[in-house]
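Breakdown of the fold
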Amino acid sequence: MIDDSPQLLTIGQLARRTGLTVRTIRYWSDEGVLHPVTRSDGGYRLYDAESVARLELIRTLRELGLGLDDVRKVLAGERDVAAVAAAHVAALDAQIRVLRLNRAVLSTVAKRKSSTEEMALMNKLARLSATERKRIMDEFAEEMLHGLDSVDPAIQERMRGMSAGLPDDPTPEQVDAWVELAELLQDPEFKRRMRQAAEYNAADRTPEDRAGASMQFLKKLVVVAGDAVRAGVDPASPEADAALRELLGPDADRAAVLDRLLTTMDHKVARYRELLTVLKGAPAQPAHRPEFAWVLAALRAHPAG
């Protein structure tokens, strides 16, 4: 007579069949995610072939990071496995962002050979929420523009729109840039320079000036000075004086222009713009240092028009 009863397996046999340890199977059974089919006369738990398949599913869900409570609900049909998977994808994404941020901070610490205090500050700054980073940038813009309604609207819009922060997946360079920028925004000398540049802009504008006129001037400066640099024009020469008249007009206060350019060309102000570019992941913009240096030299050589 053929025995049609299903073959029953002890925990030891189930462990050998699945490659899991006896301890793991017993723990999952104690937690209620794997139920024995019956018990032997001696009280030992016994399982069948369906238990093997269930155990494989439990192992898969656990390897994907699901907790036992979620595993229990999926197996009981209380939660859809797709919904559970989606929730865990979101959780894993958050963990990955944290790990990448940790890696970026540590890479920056190693590169800068930071002290313990510097590392703590870097970590704190890097972990500021996007809202907190935006608040820091917005407060800085408001402080620089407060009471200066006549500043070129294009510059106001650009400054208020520069709420740069770390992206979700920052590179070590972006972490380094954000830390340096956050430190720079607390620098009294830098803030004085930026405020002075804003005050100059407000003082120079007339009601007839169109939005963006200040930036148009800088573009013209780069073109005129660039042509002079490429042509090898000596800043002290009469040709340079003629170029300044073309750029500034015949009645410009050249001493005032020199003061304004020295403020806007300050190395900290230039570094501020570079850091924002790094944070936005944008291509590096040319600094046009040769052109600005030529104009400064020409203004010093020809203080009067």
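Look up a bit, the structure's there.
Description of the structure in this document. (Residues numbered from 1 in each chain as written. Predicted model: local features only at pLDDT ≥ 70, side-chain atom pairs only at ≥ 80, totals over all residues. Heavy atoms only, no water.)

1. Details of the nonpolar core
Test applied: Among buried residues, those of type Ala, Val, Leu, Ile, Met, Phe, Trp, Tyr and Cys that are joined through side-chain atoms within 4.5 Å constitute a nonpolar core. When a residue's accessible area, from a 1.4 Å probe over protein chains only, is under 20% of the maximum for its type it is buried; when over 50% it is exposed; and in between it is partly exposed. Here a strand is any run of E in DSSP of at least two residues, a helix any run of H or I of at least four, and the numbering for each starts at the N terminus.
Among the nonpolar cores identified, the biggest contains 32 residues, and Trp178, Leu181, Leu185, Phe190, Met194 and Tyr272 are the most heavily contacted of them. Where this core is concerned, the elements lending two or more residues are helix 5 (81–112), helix 6 (116–126), helix 7 (130–145), helix 9 (172–184), helix 10 (188–204) and helix 14 (267–280). Residue contributions to this core peak at seven residues, all from helix 9. In this structure, Ile11, Leu14, Tyr47 and Val52 belong to the second largest nonpolar core, which totals 20 residues.

2. Some details on the packing of helix 3 (residues 49–63) against helix 4 (residues 68–75)
Just so we agree on the cut-off: To get an axis, fit a line to the C-alpha atoms, keeping to the stretch in contact for a helix; angles then go from 0 to 180 degrees between the N-to-C directions. Between 65 and 115 degrees an angle is taken as roughly perpendicular, under 35 as roughly parallel, over 145 as roughly antiparallel, and anywhere else as oblique. By convention the crossing between two helices is left-handed if the near helix lies anticlockwise of the far one by an angle smaller than a right angle, and right-handed if it lies clockwise. Contact definition: two residues touch when any of their heavy atoms are within 4.5 Å. Side-chain classes are defined by residue name, with Ala, Val, Leu, Ile, Met, Phe, Trp, Tyr, Cys and Pro counting as nonpolar, Asp, Glu, Lys and Arg as charged, and the others, Gly among them, as polar.
Two elements in contact, helix 3 and helix 4, have axes separated by 10 Å at closest approach and are oriented at 135 degrees. Viewed along their axes, helix 3 and helix 4 adopt a mutual orientation that is oblique. Crossing of helix 3 over helix 4 shows right-handed handedness. On helix 4, the residues touching Arg54, Leu57, Ile58, Leu61 and Arg62 of helix 3 are Leu68, Val71, Val74 and Leu75. Looking at the contact of helix 3 with helix 4 residue by residue, the class counts come to seven nonpolar, no polar and two charged.

3. Observations regarding the environment of Leu20
Relative to the elements of secondary structure, Leu20 occurs in the loop between helix 1 (11–18) and helix 2 (22–30). Exposure remark for Leu20: the relative accessible area of 14% places this residue in the buried category. Residues Leu20 and Gly42, 22 residues apart in the sequence, show an inter-C-alpha distance of 23 Å. Every residue in contact with Leu20, bar those within four places of it in the chain, is listed here: Ala15, Ile25, Trp28, Leu55 and Arg59.

4. With respect to the packing of helix 13 (residues 254–264) against helix 15 (residues 289–301)
Contact pair helix 13 / helix 15: the axes reach a minimum separation of 10 Å and the direction vectors enclose 150 degrees. When you trace helix 13 past helix 15, the crossing you get is left-handed. Here helix 13 contributes Arg254, Val257, Leu258, Leu261 and Leu262 to the contact with helix 15, which in turn contributes Phe292, Val295, Leu296, Leu299 and Arg300. Split into classes, the residues belonging to the contact of helix 13 with helix 15 amount to eight nonpolar, no polar and two charged.

5. Some points on the packing of aromatic side chains
Put simply, the test is: Aromatic contacts are taken between Phe, Tyr and Trp rings whose centres are within 6.5 Å, Trp giving its six-membered ring; a plane angle under 30 degrees counts as stacked, one over 60 as edge-to-face, and the others as tilted.
What the rule picks out here adds up to three aromatic pairs. When the ring of Phe140 is compared with that of Phe190, the centres are 5.7 Å apart and the planes differ by 10 degrees; the resulting orientation is stacked. Here Phe190 lies in helix 10 and Phe140 lies in helix 7, a separation of 50 residues in the sequence. Taken as a pair, Phe140 and Phe190 share a single burial class, namely buried. Between the aromatic rings of Phe140 and Tyr272, the centroid separation amounts to 5.8 Å while the plane-to-plane angle is 55 degrees, which identifies the pairing as tilted. Of the two residues, Phe140 is situated in helix 7 and Tyr272 in helix 14; the sequence distance between them amounts to 132 residues. Side by side, Phe140 and Tyr272 carry an identical accessibility label, which is buried. Cluster of aromatic residues (ring-pair linked, three or more members): Phe140, Phe190 and Tyr272.

Note that all results are geometric; they support no functional claim without further evidence.
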